[in-house]
Amino acid sequence: MKDTDIKRLLYTHLLCIFSIILSVFIPSLFLENFSILETHLTWLCICSGFVTAVNLVLYLAVKPNTSSKRSSLSHKVTRFLKCCIYFLMSCFSFHVIFVLYGAPLIELALETFLFAVILSTFTTVPCLCLLGPNLKAWLRVFSRNGVSSIWENSLQMTTISSFVGAWLGALPIPLDWERPWQVWPISCTLGATFGYVAGLVISPLWIYWNRKQLTYKNN
Amino acid sequence: MRLGSGTFATCCVAIEVLGIAVFLRGFFPAPVRSSARAVHGAEPPAPEPSAGASSNWTTLPSPLFSKVVIVLIDALRDDFVFGSKGVKFMPYTTYLVEKGASHSFVAEAKPPTVTMPRIKALMTGSLPGFVDVVRNLNSPALLEDSVIRQAKTAGKRIIFYGDETWVKLFPKHFVEYDGTTSFFVSDYTEVDNNVTRHLDKVLKRGDWDMLILHYLGLDHIGHISGPNSPLIGHKLSEMDSVLMKIHTSLQSKERETPLPNLLVLCGDHGMSETGSHGASSMEEVNTPLILISSAFERKPGDIRHPKHVQQTDVAATLAIALGLPIPKDSVGSLLFPVVEGRPMREQLRFLHLNTVQLSKLLQENVPSYEKDPGFEQFKMSERLHGNWIRLYLEEKHSEVLFNLGSKVLRQYLAALKTLSLSLSTQVAQYDMYSMMVGTVVVLEVLTLLLLSVPQALHRKAELEVPLSSPGFSLLFYLVILVLSAVHVIVCTSAESSCYFCGLSWLAAGGVMVLASALLCVVVSVLTNMLVGGNASRKNPVHPSSRWSELDLLILLGTAGHVLSLGASSFVEEEHQTWYFLVNTLCLALSQETYRNCFLGDDSEPPCGLRVEQGLDRATAAWQDGPACDALERDKGHRSPSASQGLRGHEKWMVLASPWLILACCRLLRSLNQTGVQWAHRPDLGHWLTSSDHKAELSVLAAISLLVVFVLVQRGCSSVSKAALALGLLGVYCYRAAIGSVRFPWRPDSKDISKGIIEARFVYVFVLGILFTGTKDLLKSQVIATDFQLKTVGLWEIHSGLVLLAALLFRPHNLPVLAFSLLIQTLMTKFIWKPLRHDAAEITVMHYWFGQAFFYFQGNSNNIATVDISAGFVGLDTYVEIPAVLLTAFGTYAGPVLWASHLVHFLSSETRSSSALSHACFCYALICSIPVSTYIVLVTSLRYHLFIWSVFSPKLLYEGMHLLITAAVCVFFTAMDQTRLTQS
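Calculation criteria
- Residues numbered from 1 in each chain as written.
- Chains lettered and ligands numbered in written order.
- Predicted model: local features only at pLDDT ≥ 70, side-chain atom pairs only at ≥ 80, totals over all residues.
- Heavy atoms only, no water.
- Helix = DSSP H or I, 4+ residues; strand = E, 2+ residues; numbered from the N terminus.
- Rg over C-alpha atoms; globule rule 2.2 N^0.38 Å.
- Contact = heavy atoms within 4.5 Å.
- Buried < 20%, exposed > 50% of the residue type's maximum accessible area, 1.4 Å probe, protein only.
- Areas by Shrake-Rupley, 256 points an atom, 1.4 Å probe, with all protein chains shown as cover.
- Phe/Tyr/Trp six-rings, centres within 6.5 Å; stacked < 30°, edge-to-face > 60°.
- Lys NZ or Arg CZ within 6 Å of the ring centre and 35° of its normal.
- Core = buried A, V, L, I, M, F, W, Y, C linked by side-chain atoms within 4.5 Å.
- Domains from an automatic or database assignment.
- UniProt positions renumbered as here; feature names shortened; annotations may be inferred.
- Expected span 1.5 Å × (residues − 1).
- Pairing = 2+ DSSP bridges.
- Axes fitted to C-alpha atoms, helices over the stretch in contact; angles between N-to-C directions.
- pLDDT = per-residue confidence, 0-100.
- Buried area = accessible area lost by both parts, 1.4 Å probe.
- Salt bridge = Lys/Arg side-chain N within 4 Å of Asp/Glu carboxyl O.
- Polar contact = N/O pair within 3.5 Å; in protein donor to acceptor, adjacent residues only side chain to side chain.
- Nonpolar A, V, L, I, M, F, W, Y, C, P; charged D, E, K, R; others polar.
- Patch = residues over 30% accessible without salt bridge, like charges linked within 9 Å, V, L, I, M, F, W, Y side chains within 5 Å.
- Parallel < 35°, antiparallel > 145°, perpendicular 65-115°, else oblique.
- Left-handed = near helix turned anticlockwise from the far one by under 90°.
- Disulfide = S-S within 2.5 Å.

Q: Describe in detail the overall build of chain A, supporting the description with residues and values.
A: In terms of regular secondary structure, chain A is built from 8 helices and 0 strands. For 219 residues, the compact-globule estimate of 2.2 N^0.38 gives 17 Å, and chain A sits close to it at 18 Å. Its C-alpha atoms put chain A at 50 × 40 × 40 Å along the principal axes. In chain A, of all internal contacts separated by at least 6 residues, the share reaching a separation of at least 24 is 71%.

Written as structure tokens, this is what we have:
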């Protein structure tokens, strides 16, 4: 049973990676002069949209969290609205953190905000899909020894690796290589993307590797 | 021998300082020099080459000009003359450049762009080493050959007015001089009037051959208010009128003399966008050089883009112009347009003299000079020249002769260019032996520190230094023997000069004994550790060691910072590294506060061996039984109190304080843009210092001083409270007196003084508060019961330092001080106390914040950002020792204030008796890791392109920082000793 779970996890993650790859190649069919570096903002929007869509579809299709049984329509709608508000809040708080880290306050505000959006896509959207707008559950998952399934475990890993990727992405900015990808916030968004992809790849493998040692409270 | 870990760390840092000093002495090489220094002027000039028939022209060519006037304007940037400012404010000069008989160039100064090395470069034509910056403060007499010396031996009469540095560099060379001191930065009118007032008299007299004027005002304005200040325009107009006066007077005189006169206008260095200098940005390096003489052709047309030449070319050109031998160490080439109007034979003769001099210098400095392309070109052109002379002596005035001559000329010019280039790029040899000795000492100390981490951070904070174990005395004598043998071999075989060999035998022997003793101690500690490690491995009591995120961040941050020092961009932008790390630290703290407040500490492992200081991963395994017990007990009272102690609004403050600190850091970051890449960005500091925003600056300074008072007074005794209030008031009065801020009741006072009285008034209070603090400390030691008294005493010392920093900081930097105190208060109250971090973590956090504040002040790894005006607060004239001390304190105020806060905080917390010595050890360790790594990095990067502009200044900063660290560690140990005697 555990192995099938891990397999499902791997497939969903591969789908997510595939959606990111698609977001690089599909737009160039429709848009002229599309490239990640030059029309970075467009790519950010498209990538964010793709990843969100795939996450939602996967959530509806796979339903890893079987706990939600009440399904009246109004409940669903409020839940959805709450999710949207959470997402926006996370975007704004990321933006604030970037500014505190030294991002320019006024100029490049759109770029900074889109970076916040893509980072939220990589971190908040999976959390919302998996845990719902439930802060208690979030705190539980992101504290030590708090995960209760392989889904939450992989969620923890992808989220942290996205953050670390974005953090590491800021390092090359001061170097004087004068490359186009050193411009704010391209290196950070790329770092976040690579971190997310790395998290997606590593977490199923890590879980598979340690499947003997992992014991969850629920299972 | 048993030592407390604090004492041990202090000794280590002291030895490290010695090692770094030896390294620095070896690293900053002696510049390219001619070895024939002893025989000045004894050498006959090189005769004109000729093939076959001997030439009759063996003497030096006669001078081209009768009188030379050099107008040197300090910090004259090229666009002040050739740019829009020049057109606007220097109309006469612009007229001369565009339409007059003149040649204009942009002369590139080599870094360090500081006055004394630049004067040397202009007059000797050599490239002074970087170490001249350090010697800039007490310039000794110039021993090298220079134009001035040659002119003196030729019996020329030289008159000098201006910067006193010249008088020190060339004592007894001037028949008449009036030196003005260059160190009183806030004066920019008197200093130039003192030069100009002599002009009329001197120009009328005409009993001189060379007149040198060095105007300092422009540089002072730059230091005070930057290159865009309105004062610059006034000063440039003043300089223009001076130039006009000299030029008209020279022209009127010319009728009486057979030869024309020469007027040289030049700058010694430029001025960066912030108004200072020292580094190698385009604005600092490019200076105008204008040669004006009626001998030159009038060239019609606009010259907006003058040719780029080297500053060192001036010496050779002046020597030729005055008919003097070219200075021996000169690496410059003759500015050819100056001699263009002369007959072909003379032109070739001048070029020949210059190439002969350069190739001689090359022969003396490069062993394989014959393979140098410049030397080959020189030989070739000399041969051609000889042929041409033979032709010339046979038949005159023919077309063929002229064509051939211009061919030789081109050949010579190419040879000159190559020779000059290969000489100036030829870095003088590093003194590798001294560098190695220094590095070995420093690395041994670092290894010792790292190896003793587990012992030193043990609860007892004591460690065994195995000095007298018998097994190692043999090793010790062997190592000494080997080292002495190496010393003798190196010193007898070395061709280049070596500082360490030049030391007396006693000193060198002392260093060798030290090095071998250190080696033996390291080896014995290592063996002890291996033996002990085997013993502890038999009973594995600690299965898993759990690191908190904070420890991990501290470890990774330290490692990352150390590694980043290998890249020149990261050195230039080091402030970004620190801001980034401090921000991440705040986020990690925020995460920790959330966990503590919402989840409690239940998730912590029961006997998690928390590594006290995350500097050495391997130490986790070495910690023995008692340490674990101690830590367990520590943890025992840590976990319940953390979540229970926080109630109500305090809990919210705990949660909010990391974010508040982040916000403070963001504000401070936009106060001073520093570094290189983003230094030109507009920042609050510039906005505040511009003359339109004086009111805002005054309000901000007043508020900051008020905040400083409110935050500092709470820990002081009532006497110091009053003293502090008066002192801070005095600071404001001082700033008002020198005109940077103003009083509301005197909105536009014009009277600007040096503020001597006000500043001295503040000094009295600083000394008073420091004295009270020391008295309290001594009393607490004698009485030995009053623990409170000691805390008060330490806080008073801290507040005395704060007051001194408030006096030395420029007014727009006062918020840095206020925010630093605010962050310290927030951290103490809401983070360190409730979360109960251990001494090591607190020390590292203090160190990180101290480093960040070093850059928040506007410092960078660049000599130019050192605020030398801090050294002249309250001083009438330049007095060396106080000026150096004040400048050092002003520059390192951030780290020093955080360190003094650390001492106070740890001794006010009574939970662990060994906290202070742990902290001292950690502070020493965390400061010496970057320094030791950096000297290794610099040694391996010594042929890097940016070694002089980026890595060397950083090396000086690191050396200075280590010295400061040593002082801090001594203070720590002294405090620790009083504690020991108490208990």
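Q: Hey, could you go over the overall build of chain B for me, with residue numbers and the actual values?
A: When its secondary structure is counted, chain B shows 39 helices and 10 strands. Relative to its 983 residues, chain B shows a buried fraction of 58%. Counting only contacts in chain B whose residues sit at least 6 apart along the sequence, the fraction spanning at least 24 positions is 79%. Approximately 39200 Å² of chain B is accessible, and the part contributed by carbon and sulfur atoms is 63%.

Q: Which residues make up the packing of aromatic side chains, and what values do they have?
A: Counting across every chain of the model gives 37 aromatic pairs over all chains. Arranged with centres 5.9 Å apart and planes meeting at 45 degrees, the rings of Trp166 of chain B and Phe170 of chain B form a pair that is tilted. The class for Trp166 of chain B is buried, based on a relative accessible area of 1%. Each ring, one from Phe854 of chain B and one from Tyr892 of chain B, has its centre 5.0 Å from the other, and the planes form 25 degrees; the classification is stacked. Highlighted residues: Phe854 of chain B in helix H35 (residues 839-856) and Tyr892 of chain B in the loop between helix H36 (880-891) and helix H37 (893-908), separated in sequence by 38 residues. Judged by its relative accessible area of 4%, Phe854 of chain B is buried. Among the aromatic side chains, those forming a connected cluster through ring pairs are Phe94, Phe98, Phe115, Phe163 and Trp184 of chain A. When the ring centre of Tyr208 of chain A is taken as reference, the NZ or CZ atom of Arg211 of chain A above it lies at 4.2 Å. One Lys or Arg, Lys67 of chain B, reaches over the ring of Trp208 of chain B and ends 5.3 Å from the middle of that ring.

Q: Hey, could you go over the nonpolar core for me, with residue numbers and the actual values?
A: All names here are of chain B. Of all hydrophobic cores here, the largest spans 160 residues; its most connected members are Trp848 and Phe849. Sort the elements by how many residues they give to this core and helix H38 (residues 915-940) lands first, with 16 residues. Counting only domains with at least three residues in this core, you end up with domain 1 (14-28 + 431-531) and domain 4 (549-600 + 645-911). In this structure Trp848 touches Leu553, Ile554, Gly557, Thr558, Trp578, Leu581, Val582, Leu585 and Ile926, once residues within four positions along its chain are discounted. Ranked by size, the runner-up nonpolar core spans 71 residues in total, among them Ile70, Phe170, Ile320 and Val408.

Q: Before we move on, can you summarise the UniProt feature "transmembrane region" (unreviewed entry) in chain A with the specific residues and values?
A: Residues and elements named next belong to chain A. In this structure's numbering, the residues bearing the UniProt feature "transmembrane region" (unreviewed entry) are residues 9-29, 41-62, 83-106, 112-133, 154-175 and 181-209. In residues 83-106, helix accounts for 75% and strand for 0%; the two terminal C-alpha atoms are 28 Å from one another. Helix makes up 73% of residues 154-175 and strand 0%, with an end-to-end C-alpha separation of 34 Å.

Q: Quick rundown of helix H16 (residues 373-394) of chain B? Include the residues and the values.
A: In this model H16 of chain B runs 32 Å from its N-terminal to its C-terminal C-alpha over 22 residues, within 8% of the 32 Å that 1.5 Å per residue would give. Where H16 of chain B is concerned, the buried positions are Gly374, Phe375, Phe378, Ser381, Glu382, His385, Gly386, Trp388 and Ile389 of chain B.

Q: Lay out the environment of Asn228 of chain B in plain terms, naming residues and giving numbers.
A: When you line up the elements, Asn228 of chain B lands in the loop between helix H11 (217-225) and helix H12 (230-253). Expressed as a C-alpha distance, the spacing of Asn228 of chain B and Thr274 of chain B, which sit 46 residues apart in the sequence, is 9.0 Å.

Q: Describe the sheet that holds strand E5 (residues 176-180) of chain B, naming the residues involved and giving the relevant values.
A: Residues and elements named next belong to chain B. One open sheet accounts for 8 strands, arranged E5-E4-E6-E2-E7-E8-E3-E9; its pairing is mixed. Each having just a single partner strand, E5 and strand E9 (307-310) make up the two edges of the open sheet. Averaged over all pairs of adjacent strands, the angle between strand axes in this sheet comes to 15 degrees, irrespective of strand direction. Of the strand pairs in this sheet, strand E7 (residues 262-267) and strand E8 (residues 286-292) are connected by 4 bridges, and their pairing is antiparallel. Within E8, the residue paired with Leu265 across the bridge is Ile290.

Q: Go over the confidence of the model for chain A, please, and point to the residues and values.
A: Considering every residue of chain A, the mean pLDDT works out to 87; 94% of them sit at 70 or more. Looking over chain A, one finds the lowest element-wise mean pLDDT in helix H6 (residues 135-141) of chain A, namely 83, and the highest in helix H8 (residues 186-209) of chain A, namely 93.

Q: Hey, could you go over the pairing of strand E6 (residues 210-215) of chain B for me, with residue numbers and the actual values?
A: Residue and element names in this part refer to chain B. Burial of E6 is extensive: 6 of the 6 residues sit out of reach of the surface. Alternating residues of E6 divide into Met210, Ile212 and His214 and Leu211, Leu213 and Tyr215, and every residue in both groups is buried. With 6 bridges joining them, strand E2 (residues 68-73) and E6 adopt parallel strand pairing. Within E6, the residue paired with Ile70 across the bridge is Ile212. Taken together, the 5 bridges between strand E4 (residues 158-163) and E6 define a ladder with parallel strand orientation. Among the inter-strand pairings, Ile158 is bridged to a residue of E6, identified as Met210.

Q: How would you sum up the domain arrangement of chain B? Please name residues and give values.
A: Domain boundaries in chain B define domain 1 (14-28 + 431-531), domain 2 (67-328), domain 3 (342-428) and domain 4 (549-600 + 645-911). Taking the mean C-alpha position of each, domain 1 of chain B and domain 4 of chain B sit 37 Å from one another.

Q: Now, about the interface of chain A and chain B: what can you tell me, with residues and values included?
A: Each partner contributes residues to the interface: chain A has 19 residues there, and chain B has 25 residues. When chain A packs against chain B, close to 2100 Å² is buried across both sides, 63% of that on carbon and sulfur atoms. The largest contributions to the chain A side of the interface with chain B come from Leu100, Tyr101 and Arg144 of chain A, which together make up 40% of the buried area. On inspection of chain A and its partner chain B, the count reaches 0 salt bridges. Run the count over chain A and chain B and you get 8 residue pairs in polar contact (both at pLDDT 80 or more). Counting residues per element, the side of chain A that touches chain B draws most heavily on helix H4 (residues 73-100) of chain A, at 3 residues. In terms of residue class, the side of chain A that touches chain B is built from 14 nonpolar, 3 polar and 2 charged.

Q: Explain helix H33 (residues 787-808) of chain B residue by residue, including any values.
A: In this model, H33 of chain B (22 residues) spans 32 Å end to end at C-alpha, consistent with the 32 Å of a helix rising 1.5 Å per residue. Of all 22 residues in H33 of chain B, 20 are buried; the element is thus mostly enclosed.

Q: Can you lay out the side chain of His837 of chain B for me, pointing to particular residues and giving the numbers?
A: All names here are of chain B. Within the secondary structure, His837 sits in the loop between helix H34 (814-835) and H35. When its relative accessible area of 0% is taken as the criterion, His837 is described as buried. There is a polar contact of 3.3 Å between the side chain of His837 and the side chain of Glu592.

Q: Any chance you could break down a nonpolar patch on the surface for me, citing the residues and the numbers?
A: All names here are of chain A. On the surface, a cluster of nonpolar side chains totalling about 430 Å² of accessible area is made up of Leu73, Val77, Phe80 and Leu81. In this fold, Phe80 is placed in helix H4. What makes Phe80 exposed here is its relative accessible area of 52%.

Q: Can you lay out the pairing of E8 of chain B for me, pointing to particular residues and giving the numbers?
A: All names here are of chain B. Along E8, 7 of the 7 residues are buried, which leaves the element largely enclosed by surrounding structure. By the alternation rule, side chains of E8 split into Asn286, Pro288, Ile290 and Ile292 and Thr287, Leu289 and Leu291, which are all buried. In this sheet, E8 lies alongside strand E3 (residues 102-108) in antiparallel orientation, the contact comprising 7 bridges. Within the sheet, the bridge partner assigned to Val106 lies in E8 and is Pro288.

Q: Tell me about the packing of helix H5 (residues 109-131) of chain A against H8 of chain A, residues and numbers included.
A: Helix packing geometry: the angle between the two helix axes and the distance between the axes. Residue and element names in this part refer to chain A. Contact geometry of H5 with H8 gives a least axis separation of 9 Å together with a crossing angle of 15 degrees. Here H5 is positioned roughly parallel relative to H8, judged by the angle of their axes. The way H5 lies across H8 gives a crossing that is left-handed. On H8, the residues that touch Phe115, Ile118, Leu119, Phe122 and Pro126 of H5 are Cys188, Thr189, Ala192, Thr193 and Tyr196. Its residues placed into classes, the contact of H5 with H8 shows 8 nonpolar, 2 polar and no charged.

Q: Go over the side chain of Thr772 of chain B, please, and point to the residues and values.
A: Mapped onto the fold, Thr772 of chain B is located in helix H32 (residues 756-783). Once residues within four sequence positions are removed from consideration, Thr772 of chain B is found in contact with Ser720 and Glu796 of chain B.

Q: Can you explain unusual backbone geometry? Please cite residues and give values.
A: Residues and elements named next belong to chain A. Residue Pro185 follows Trp184 across a cis peptide bond; omega there is -5 degrees. Its location among the elements puts Pro185 in the loop between helix H7 (150-169) and H8. A positive phi is found at Leu108, a non-glycine position, where the angle reads about 60 degrees. Mapped onto the elements of the fold, Leu108 is located in the loop between H4 and H5.

Q: Describe the state of the cysteines, naming the residues involved and giving the relevant values.
A: Inspection of every chain in the model, using the stated rule, returns 0 disulfides over all chains. Cys91 of chain A carries a free sulfur, and the closest cysteine sulfur to it, the one in Cys84 of chain A, is 11 Å from it. By relative accessible area, which is 1% here, Cys91 of chain A ends up buried. Cys920 of chain B supplies the cysteine sulfur nearest to Cys969 of chain B, a cysteine that is in no disulfide, at a spacing of 4.2 Å. Relative accessible area serves as the criterion here: at 0%, Cys969 of chain B is assigned to the buried category.

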